[in-house]
Protein chains: 2
Amino acid sequence: MTTTTRAGGGAQADAQPARPELPLTDLTVCCAPESGSALSSEEAEQLAAVLKAVAEPTRLRLLSMVAASAGQEACVCDLTEPVGLSQPTISHHMKVLVDAGLLEREKRGVWAYYRLVPERLGAVAAALSPPA
Amino acid sequence: MTTTTRAGGGAQADAQPARPELPLTDLTVCCAPESGSALSSEEAEQLAAVLKAVAEPTRLRLLSMVAASAGQEACVCDLTEPVGLSQPTISHHMKVLVDAGLLEREKRGVWAYYRLVPERLGAVAAALSPPA
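Here the structure is a predicted model, which is why all the values come from computation and not from measurement.

What follows deals with the overall build of chain A. Across its full length, chain A carries six helices and three strands. Among the 132 residues that make up chain A, the fraction classed as buried is 42%. Within chain A, contacts between residues at least 6 apart in sequence are counted, and of these 56% link residues at least 24 apart.

Written as structure tokens, this is what we have:
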């Protein structure tokens, strides 16, 4: 009775489709230093690149809207109105978030759907968390 | 036998001295939306301002070096050599982190000491954490 559709959230995605090649090294490997150790120069470069993508108010709102959507997935058609910007502008911001590895994009018919990559965002949050 | 010195870490700082006025609203209040809700425009503006401060490799390294130091505190004199930049440049980066509320600065003799504000950094990390 298992389904393989992408709709609906909840279930842990342990058999994800191959992710598009990320422009940055996987943060879950690169940017979570041992507790008590400072970031290396390379780790800092990679983490800063992802943080630059989210250090912008509209992109933060868009990212949080996708994260708050059912299944952590949203159609671009549902994002334009609440943000109050044109669809090309929204699409530009979404591309920056996709390039940073924080969202995955899938075209269905005429619309693009964006899904959160929670492990990527979680790795950024973990890298910023203060030592216990 | 309680002491009131600022040296030594570990103990929970539940009776902190008044913090210098932060340029941003306290993130522990402003930027941790209820689980499942998207950021408001104002929350996104405030979170983006703090993220801009850390979205820079040298500042990320400096912040992590302070966080990894004993008592989460470091003298500026100990930061210049590992980063390989001049002290005025380091001091500029440290000021950006202080203005963002992530570090506190204290002058002792000729040197400036910087201490992590862990609840501030933790609030940023929490605001970025994906919903469970």
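Past the structure itself, the notes keep going.
To continue, consider the relation of the copies chain B and chain A. At an RMSD of 0.0 Å, chain B and chain A line up after a rotation of 180° and a shift of 0.0 Å along the axis. The superposition of one copy onto the other is thereby described by a two-fold rotation axis. Across chain B, the rotation axis passes nearest the C-alpha of A125 of chain B, at a separation of 2.2 Å. A share of 100% of interface residues in chain B that are also interface residues in chain A marks the association as one of identical surfaces.

Below, the discussion takes up the UniProt feature "domain: HTH arsR-type" (unreviewed entry) in chain A. With numbering matched to this structure, UniProt assigns "domain: HTH arsR-type" (unreviewed entry) to residues 39-132 of chain A. The distance separating the terminal C-alpha atoms of residues 39-132 of chain A is 16 Å; by composition the span is 57% helix and 16% strand.

Residue and element names in this part refer to chain A. One ladder, built from three bridges, connects strand β1 (residues 73-75) with strand β3 (residues 111-116); its direction is antiparallel. Residue pairing in the sheet places E73 in a bridge with R115 of β3. The sheet contact formed by strand β2 (residues 103-108) and β3 spans six bridges and is antiparallel. Paired with R105 across the strands is Y114, a residue of β3. Between the end of β2 and the start of β3, which pair antiparallel, lie two residues, with G109 showing a positive phi angle near 65°.

Let's shift gears to the interface of chain B and chain A. Size of an interface, as often reported, equals the accessible area lost when the parts are brought together. Contacts between chain B and chain A engage 33 residues on the former and 33 residues on the latter. The interface formed by chain B and chain A contains zero salt bridges. Counting the contacts that link chain B with chain A gives six residue pairs in polar contact (both at pLDDT 80 or more). Looking at the side of chain B that touches chain A, the elements that each hand over two or more residues are α2 (41-54), α3 (57-68) and α6 (118-128) of chain B. In terms of residue count, the dominant contributor to the side of chain B that touches chain A is α2 of chain B (eight residues). The residue inventory of the side of chain B that touches chain A, partitioned by class, reads 21 nonpolar, eight polar and four charged.

Another aspect to go through is the packing of aromatic side chains. For any pair of aromatic rings, geometry is given as the distance between the ring centres together with the angle between the planes. A full pass over the atoms with the stated rule returns zero aromatic pairs over all chains. Seen from the ring of Y113 of chain A, R108 of chain A lies directly overhead, with NZ or CZ sitting 4.3 Å from the centre.

Quick look at α3 of chain B now. Residue and element names in this part refer to chain B. For α3, which comprises twelve residues, the first-to-last C-alpha distance of 16 Å matches the rise-based estimate of 16 Å (1.5 Å per residue) to within 8%. Among the residues making up α3, those that are buried are P57, T58, R59, L60, R61, L62, L63, S64, M65, V66 and A67. The N-terminus of α3 is capped by E56, whose side-chain oxygen sits 2.9 Å from the backbone nitrogen of T58.

All names here are of chain B. Interaxial distance between α2 and α6 falls to 11 Å at its minimum, and their mutual angle equals 115°. The two elements α2 and α6 meet at a crossing, and its hand is left-handed. Between α2, through L47, V50 and L51, and α6, the contact on the second element is made entirely by R120, V124, A127 and L128. Partitioning the contact of α2 with α6 into residue classes produces six nonpolar, no polar and one charged.

Right, let's get into the pattern of salt bridges. All names here are of chain A. Counted under the stated rule, the structure contains eight salt bridges over all chains. E73 serves as the salt-bridge partner of R108, at 2.8 Å between the closest nitrogen and oxygen. Of this pair, R108 sits in strand β2 while E73 sits in strand β1, placing them 35 residues apart in sequence. Between K95 and D99 there is a salt bridge, and its shortest N-O distance comes to 2.8 Å. Taken together, the positions of K95 and D99, both in helix α5 (residues 87-99) and four residues apart, correspond to about one turn of that helix. Three or more residues joined by partner-sharing salt bridges are found here, namely E73, E106, R108 and R115.

Cut-off values and rules
- Residues numbered from 1 in each chain as written.
- Chains lettered and ligands numbered in written order.
- Predicted model: local features only at pLDDT ≥ 70, side-chain atom pairs only at ≥ 80, totals over all residues.
- Heavy atoms only, no water.
- Helix = DSSP H or I, 4+ residues; strand = E, 2+ residues; numbered from the N terminus.
- Buried < 20%, exposed > 50% of the residue type's maximum accessible area, 1.4 Å probe, protein only.
- Contact = heavy atoms within 4.5 Å.
- Least-squares fit on C-alpha atoms with pLDDT ≥ 70 in both.
- UniProt positions renumbered as here; feature names shortened; annotations may be inferred.
- Pairing = 2+ DSSP bridges.
- Salt bridge = Lys/Arg side-chain N within 4 Å of Asp/Glu carboxyl O.
- Polar contact = N/O pair within 3.5 Å; in protein donor to acceptor, adjacent residues only side chain to side chain.
- Nonpolar A, V, L, I, M, F, W, Y, C, P; charged D, E, K, R; others polar.
- Phe/Tyr/Trp six-rings, centres within 6.5 Å; stacked < 30°, edge-to-face > 60°.
- Lys NZ or Arg CZ within 6 Å of the ring centre and 35° of its normal.
- Expected span 1.5 Å × (residues − 1).
- Axes fitted to C-alpha atoms, helices over the stretch in contact; angles between N-to-C directions.
- Left-handed = near helix turned anticlockwise from the far one by under 90°.

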